[in-house]
Amino acid sequence: SDVLKDAGYKKYFLLSANHHWNNLAELYGDNHDVYLDGASRYPKMSMYDDEAVILNLREIPDVSVEPAFFYFHLMSTHEIGVIKTENKIYRPSRRETSMHAGFERIVVDENIRQELVNGYDNGVYQFDQYVKSLFEILGQKGYLDDAIVIITSDHGEGLGEHDYYYHTYQLYQEDIAIPLLVFDTSNKCSLKNLKYGTQIDVAPTILDCLDLPSVKTWQGRSLMVSPLEIRYTFHQTTRNREEFAVIRVSENHLYKLLVSRIRGKFLNYRLFDIKTDPDEKIDLIQVVDENLLKEMKFILKQKTQSY
């Protein structure tokens, strides 16, 4: 956002939740034209109520000659997000996936698991309703006439697919596979890579679409560039136990190597091909080509040296 601010963009951050928690706001750069999060303006509303984002957007002035960058953050799919009664369309439901969180597998009664699934789906449904409202207001104010809109997420949510719940404990696909949607009315984004992207590819793609120079320190790749023949991406979650993964992207395979690091030792290697086995049910660690496995372990250990 600071790169766009330097390029003459107005900078609007409209967020649900308190982003001064854990110093998150420091990640968003400086020189905001408007910065409002859930703790800013509506003391009678929960800071986790996404309705405040909609109310704040309604007060933003209509489009002007200056370009604008908007960053919206919604909490509806998160456990602590406030869900309106009219959006609880899946019943019975509950939201407390964190009660079952941990590094060890847990078996939850199937009725409770379904209630947790319903609670998450209610959050997804409400998120969709708020995104619809955002589009309607942005359109009314003229911001969608020449726009690039990216919709993505910070993480997924375990709902018992591998007998794990919540997030940031594991790196299975339910934890790290997220949506990446591009809505482009500017006709500036000619995406050449529609097969595989990561969060760190979003910012380079935006700059590329806007024909702005890239930032040399960024490690992501613009999706306007044809994909590499072979690419490795690195994934991690580092609570009191560290979990790491590398994904090897190629034409015919998406090999994913997972490992736990406990007291400095790498344990419990698992390997999946998420292209042919998206649910990660078939561990290939004993049958995959030995040289491929050696290469992936080398990349993984190389990536984890600084963690």
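Residues numbered from 1 in each chain as written. Predicted model: local features only at pLDDT ≥ 70, side-chain atom pairs only at ≥ 80, totals over all residues. Heavy atoms only, no water.

1. A short note on the overall build of the protein chain
Scanning the protein chain for helices and strands turns up six helices and 11 strands. For a compact globule of 307 residues, the expected C-alpha radius of gyration is about 19 Å, and the protein chain comes in at 21 Å, within 12% of that figure. Dimensions of the protein chain along its principal axes, counting C-alpha atoms only, are 60 × 50 × 35 Å. The long-range fraction of contacts in the protein chain, counting pairs at least 24 apart against all pairs at least 6 apart in sequence, stands at 57%. Summed over its atoms, the accessible surface of the protein chain is roughly 17,200 Å², and 50% of this surface lies on carbon and sulfur atoms. Between the mean site of the 35 positive side-chain charges and the mean site of the 46 negative ones, the protein chain shows a separation of 3 Å. (Helix = DSSP H or I, 4+ residues; strand = E, 2+ residues; numbered from the N terminus. Rg over C-alpha atoms; globule rule 2.2 N^0.38 Å. Contact = heavy atoms within 4.5 Å. Areas by Shrake-Rupley, 256 points an atom, 1.4 Å probe, with all protein chains shown as cover. Lys, Arg positive; Asp, Glu negative; His and termini not counted. Charge placed at Lys NZ, Arg CZ, Asp CG, Glu CD.)

2. Regarding the pattern of salt bridges
By the definition in use, this model includes 17 salt bridges. A salt bridge links aspartate 49 to lysine 84; its shortest N-O distance comes to 2.8 Å. With aspartate 49 in the loop between strand E2 (34-36) and helix H2 (51-58) and lysine 84 in the loop between strand E3 (68-73) and helix H3 (110-140), the pair connects residues that are 35 residues apart, well separated along the chain. Of the residues examined, aspartate 49 reaches a relative accessible area of 7% and is grouped as buried. Between glutamate 251 and lysine 195 there is a salt bridge, with its nearest N and O atoms 3.1 Å apart. One end of the pair, glutamate 251, is in the loop between strand E9 (242-249) and strand E10 (254-262); the other, lysine 195, is in the loop between strand E7 (180-184) and helix H5 (202-209), and 56 residues separate them in sequence. Residues participating in the shared-partner salt-bridge network are Glu104, Arg241, Glu243 and Arg270. (Salt bridge = Lys/Arg side-chain N within 4 Å of Asp/Glu carboxyl O. Buried < 20%, exposed > 50% of the residue type's maximum accessible area, 1.4 Å probe, protein only.)

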